[in-house]
Amino acid sequence: QSNAMWGGRFAAGPDAIMEAINASISFDKRLAAQDIAGSRAHAAMLAATGIISDTDADAIREGLLTVLSEIEGGAFAFSTALEDIHMNVEARLKEVIGEPAGRLHTARSRNDQVATDFRLWVRDQIDAAVTGLRALIGALLVQAEAGADWVMPGFTHLQTAQPVTWGHHMMAYVEMFARDMGRFSDARARMNESPLGAAALAGTSFPIDRWMTAEALGFDRPMANSLDAVSDRDFALEFLGAASICAMHLSRFAEELVIWSSAQFRFVTLSDRFSTGSSIMPQKKNPDAAELIRAKIGRIFGANVALMTVMKGLPLAYSKDMQEDKEQVFDAADNLMLALAAMEGMVRDMSANRPALEAAAASGFSTATDLADWLVRELGLPFREAHHVTGRLVAMAEAKGCDLPDLSLADMQSVHADIRADVFDVLGVHNSVASRVSYGGTAPEQVRAQVARWKERLG
Ligand code: ARG
């Protein structure tokens, strides 16, 4: 038997395989609340413009609330034969209120309907991502404030570079995650226009009021071109793009936590709440949450590439290919929210191992740059020559199997006769970080100022 919604010109119903490839209800039922909100706004507008009667609109709007509560209560029987959430809801509305249900789809197509539903859904996810990022930044600020003057090694090439402060490292991620928040907010501002009323692709001859539905659904304005409104999914791609960059940041931090919690580094202890044990090795405490964040990020990148690929060759306007937008975005959003929450929990619970951080900061000739700077400042050497002198002192220390502060003054003077005893002051890691007072530098006072700025900005 042919489809009740569009079967007029069909003599036969679909093959079972056709039904399986065509139906989206198994996943787009997640759009139920958005679909019903869109339909309720549409019905109210149809009545306000005199296209349907107030009585019919009231029945539709009431009936839709009944359908919504059935869905939310788990009582709704979703049907694959009815393809998608839009037709499932409308078919049930017909059962609940009868004939007026058939008037809801006046001046509307599933094309503008799905574009509207999906924008509403993505908009909520953007808000959720911003909330999750805010919480993560809050956790990082607590760590940064506590450890504004804890010294740790800073790395380049994962080789010891210069001492930095724990707070400074935490605040580097605050800056990154704050830019992620900005990217989500920018995307939200751009996507917040209503496709509803674009109808199938060309607009409609009915005297609809697109500003009314746009306002009812919290959009800033209706989209200006009906073809564009039903054709593009750039809003979903912008979400995935912002999510991908955010995921990349999460993954880098996760990688650091995996390294830092190893027995070789011992920079941090992750809490039991965010670790797991081994079924065979009793001593093990594994940083699984960090590893899974690092891994799940792949799905978000994958979704971004998948949807770009779906969209890249489509002629205007709607093609059924676009039904493939949803699962990718759903999965990416779910995993992003999970990764943000897991990272926040790990950061809140983790404790820095200050003695290990400080010992590591002092190793690996980490204050060699301070020594070179001292030669420039105190003896007036050109930086290149200071670099060379310091390099020879590092080689000497390496040959003796000691660190730079362990060399004697006589050792130092054998490389450059003018070196004085006060050089040893700059070889300590605390003096080193305290000296980096340039704006944005690692000195505790700079870190504290940065924490204070963010606390004020985030309220
Ligand atoms: N389930 C469809 C989708 O997600 C809804 C739009 C269908 N429109 C159409 N003309 N078949 O894209």
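Because the structure is a prediction, the values reported are computed rather than measured.

**Some points on the overall build of the chain**
Point 1. A count of helices and strands for the chain gives 18 helices and six strands.
Point 2. Taken against the 2.2 N^0.38 rule, which gives 23 Å for 459 residues, the C-alpha radius of gyration of the chain at 31 Å runs more than 25% over that of a compact globule.
Point 3. When its C-alpha atoms are laid out on the principal axes, the chain stretches across 100 × 50 × 40 Å.
Point 4. Looking at the chain alone, contacts between residues at least 24 apart form 74% of all its contacts between residues at least 6 apart.
Point 5. Element-wise, carbon and sulfur atoms account for 53% of the exposed surface of the chain, whose accessible area totals about 21,000 Å².
Point 6. Mean positive and mean negative side-chain charge positions of the chain (43 and 59 charges, respectively) differ by 1 Å.

**Focus on the UniProt feature "domain: Argininosuccinate lyase C-terminal" (unreviewed entry) in the chain**
Point 1. The UniProt record marks residues 365–434 with the feature "domain: Argininosuccinate lyase C-terminal" (unreviewed entry), using the residue numbering of this structure.
Point 2. For residues 365–434, the helix share is 61%, the strand share is 0%, and the end-to-end C-alpha distance is 17 Å.

**Topic: the UniProt feature "domain: Fumarate lyase N-terminal" (unreviewed entry) in the chain**
Point 1. Using the residue numbers shown here, the UniProt feature "domain: Fumarate lyase N-terminal" (unreviewed entry) corresponds to residues 8–302.
Point 2. Taken as a whole, residues 8–302 contains 60% helix and 6% strand, while its terminal C-alpha atoms sit 40 Å from one another.

**Description of the nonpolar core**
General note: in soluble globular proteins, nonpolar side chains tend to be found buried as a group.
Point 1. Formed by 103 residues in total, the largest nonpolar core has its most connected members in Trp166, Phe184, Leu250, Phe253, Leu336 and Met343.
Point 2. Top contributing element to this core by residue count: helix H10 (residues 234–260), with 15 residues.
Point 3. Setting aside its immediate chain neighbours within four residues, tryptophan 166 contacts Gln143, Gly147, Trp150, Met152, Trp260, Val268, Met350, Ala352 and Leu357.

**Considering the pattern of salt bridges**
Point 1. Here the structure, examined in full by the defined rule, presents 26 salt bridges.
Point 2. The closest approach of N and O atoms between arginine 233 and aspartate 325, which form a salt bridge, is 2.7 Å. Placement of arginine 233 in the loop between helix H9 (226–231) and H10 and of aspartate 325 in helix H12 (residues 325–349) is noted, with a sequence separation of 92 residues between them. You'll find arginine 233 and aspartate 325 in the same group, each marked buried.
Point 3. By sharing partners, the salt bridges in this structure join Glu83, Asp84, Arg110 and Lys320 into a single network.

What counts and how
Residues numbered from 1 in each chain as written. Predicted model: local features only at pLDDT ≥ 70, side-chain atom pairs only at ≥ 80, totals over all residues. Heavy atoms only, no water. Helix = DSSP H or I, 4+ residues; strand = E, 2+ residues; numbered from the N terminus. Rg over C-alpha atoms; globule rule 2.2 N^0.38 Å. Contact = heavy atoms within 4.5 Å. Areas by Shrake-Rupley, 256 points an atom, 1.4 Å probe, with all protein chains shown as cover. Lys, Arg positive; Asp, Glu negative; His and termini not counted. Charge placed at Lys NZ, Arg CZ, Asp CG, Glu CD. UniProt positions renumbered as here; feature names shortened; annotations may be inferred. Core = buried A, V, L, I, M, F, W, Y, C linked by side-chain atoms within 4.5 Å. Buried < 20%, exposed > 50% of the residue type's maximum accessible area, 1.4 Å probe, protein only. Salt bridge = Lys/Arg side-chain N within 4 Å of Asp/Glu carboxyl O.

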